Amino acid sequence: MAKETVANLDWNHLGFEYHDLPYSFNEEFKDGQWQGGTLTESSTLTLSEAAEVLHYGQEVFEGLKAYRTKDGHINLFRPEENAKRLANSAKRMLMEPYPEDKFVEAVKQVVLANEEFVPPYGTGGSLYIRPFLIGTQPIVGVAPADTYTFHIYATPVGAYINGLAPSPYTVSNYDRAAGAGTGQAKTSGNYASSLLPEIEAKKAGFADCLYLDPREHKYIDEFSGANFFGITKDGQFVTPKSDSILPSITKKSLLVLADDLGLNPVERKIEIDKELDDFAEAGAMGTAAVISPVGSLTYKGQKHVFYSEKEVGPVTTKLYNILYGIQEGDLEDTHGWITHVK
Ligand SMILES: *Cc1c(COP(=O)(O)O)cnc(C)c1O
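Here the structure is a predicted model, which is why all the values come from computation and not from measurement.

**Description of a nonpolar patch on the surface**
Moving on, step 1. Taken together, L45, L47 and L54 make up a surface patch of nonpolar side chains, about 240 Å² in accessible area.
Moving on, step 2. Within the element layout of this structure, L54 appears in helix α1 (residues 52-56).
Moving on, step 3. According to the relative accessible area criterion, L54 is exposed, its value standing at 52%.

Here's what the structure looks like:
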């Protein structure tokens, strides 16, 4: 397959798709140690037909973005948090964790090597970076692998959804992860199990579905790939506390910004039958979209509209502008979240 070229890209109309960029990063783990990582021009992996990842799903991944600033620098947002989370996910899946300091260095190398593909400031685009770790040992009887591949690819992406606009969501009858399962790990299996509910929700006209806690279906958990927040009518930022959701770095950051804004943020259980009408605004939080405003949530056949199905609420807008402003370098990084790649 031919490599992508800059001349072929329309910065203002990038989607969320794969482009085969010049450089990736690869490192193998074998004989009990990491073998040294390098940039590579190869964007294919060669695996045994019996590789652990293909049959027993030992895979964990991350997603982060590099942003071009107004003055031409390139920013990463809290990459050390992605490093830590990948290591935590790996531990849950009984995989060899990738060293956290090496993770950040490898991400920087990939961004710099593909620098011309970091979309220009002001286009809403960014360079999406996908680090992942897979078990590669050929294995038939179920056991953790003793060889692993850590790999990173990058691809330019546009604003996830065109601008900040509310979308309709529904509540799923399926679970994405089990109670005491792998919900806290960023692992491919959670996504495989959420494909069917997500596609069913989309066919029914929704942007995505919200999952409830898998034990009782009583409390709000999260979306397929984003955490949930609500702003109560008296102005509090509320987000679910649950052991079956993925700890979002966007969420972790918005909790801090909400506190700066005096929104008295709290992580607690949110009882869906009782609390939906208490929220004046709601949203989905994750790296891909930063915030996707939830215009409405259809639950048990009833549509609950939050701020408006057409317009984004003022608190959601403010939080989005501050977080995206810090990421793009337009606002001062008062919390020390930015790593300059250059
Ligand atoms: C990656 C992910 C998120 C968002 O996490 P961020 O660190 O904010 O990008 C939320 N939920 C799930 C299930 C995820 O996989």
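**With respect to helix α3 (residues 100-113)**
Moving on, step 1. Here α3 is 14 residues long and its end C-alpha atoms lie 20 Å apart, about the 20 Å a rise of 1.5 Å per residue gives.
Moving on, step 2. Where α3 is concerned, the buried positions are F103, V104, A106, V107, V110 and V111. Down the axis of α3, the sector holding all buried residues measures 165°, keeping them to one side.

**Side note on the nonpolar core**
Moving on, step 1. Membership of the largest hydrophobic core comes to 36 residues, with the highest contact counts inside it found for V111, I129 and F150.
Moving on, step 2. Elements represented by at least two residues in this core include exactly β1 (24-30), β5 (64-68), β6 (74-77), α2 (79-92), α3, β7 (126-135) and β8 (148-157).
Moving on, step 3. The element best represented in this core is α3, accounting for six residues.
Moving on, step 4. If near-sequence neighbours (up to four positions away) are discounted, I129 is found in contact with E62, G63, L64, K65, A66, L76, V107, V111, I152, Y153 and A154.

**Comments concerning the environment of I245**
Moving on, step 1. Structurally, I245 can be placed in the loop between β13 (237-240) and α5 (249-260).
Moving on, step 2. Taking the C-alpha atoms as reference, I245 lies 8.4 Å from A185; in sequence the two are 60 residues apart.
Moving on, step 3. Sequence-distant contacts of I245, that is, excluding residues within four places in its chain, are made with R176, G183, Q184, D221, E222, P240 and K251.

**Considering the UniProt feature "modified residue: N6-(pyridoxal phosphate)lysine" (unreviewed entry) in the protein**
Moving on, step 1. The positions that UniProt labels "modified residue: N6-(pyridoxal phosphate)lysine" (unreviewed entry) are, in the present scheme, K186.
Moving on, step 2. Looking at the secondary structure, you find K186 in the loop between β9 (167-171) and α4 (188-203).
Moving on, step 3. For K186, a relative accessible area of 12% translates into the label buried.
Moving on, step 4. When neighbours within four sequence positions are excluded, K186 is seen to be in contact with E59, V60, F61, E62, G63, R85, S89, Y191 and L246.

**Concerning the pattern of salt bridges**
Moving on, step 1. In total, this model carries 17 salt bridges according to the counting rule given.
Moving on, step 2. Of the charged contacts, one joins D243 and R215 as a salt bridge, the two residues approaching to 3.2 Å between their closest N and O atoms. In this pair, D243 sits in the loop between β13 and α5 while R215 sits in the loop between β10 (209-212) and β11 (220-223), placing the two residues 28 residues apart along the sequence.
Moving on, step 3. Overall, the relative accessible area of 38% leaves D243 in the partly exposed class.
Moving on, step 4. Taking relative accessible area as the criterion, R215 reaches 53% and is therefore assigned exposed.
Moving on, step 5. A salt bridge links E267 to K251, with the nearest nitrogen and oxygen atoms 3.8 Å apart. With E267 in strand β14 (residues 266-268) and K251 in helix α5, the pair connects residues that are 16 residues apart, well separated along the chain.
Moving on, step 6. Given the relative accessible area of 37%, E267 is considered partly exposed.
Moving on, step 7. Taken together, the salt bridges that share partners define one network made up of R78, E81, K84 and K252.

Criteria and thresholds
- Residues numbered from 1 in each chain as written.
- Predicted model: local features only at pLDDT ≥ 70, side-chain atom pairs only at ≥ 80, totals over all residues.
- Heavy atoms only, no water.
- Patch = residues over 30% accessible without salt bridge, like charges linked within 9 Å, V, L, I, M, F, W, Y side chains within 5 Å.
- Areas by Shrake-Rupley, 256 points an atom, 1.4 Å probe, with all protein chains shown as cover.
- Salt bridge = Lys/Arg side-chain N within 4 Å of Asp/Glu carboxyl O.
- Helix = DSSP H or I, 4+ residues; strand = E, 2+ residues; numbered from the N terminus.
- Buried < 20%, exposed > 50% of the residue type's maximum accessible area, 1.4 Å probe, protein only.
- Expected span 1.5 Å × (residues − 1).
- Arc of directions from axis to C-beta.
- Core = buried A, V, L, I, M, F, W, Y, C linked by side-chain atoms within 4.5 Å.
- Contact = heavy atoms within 4.5 Å.
- UniProt positions renumbered as here; feature names shortened; annotations may be inferred.

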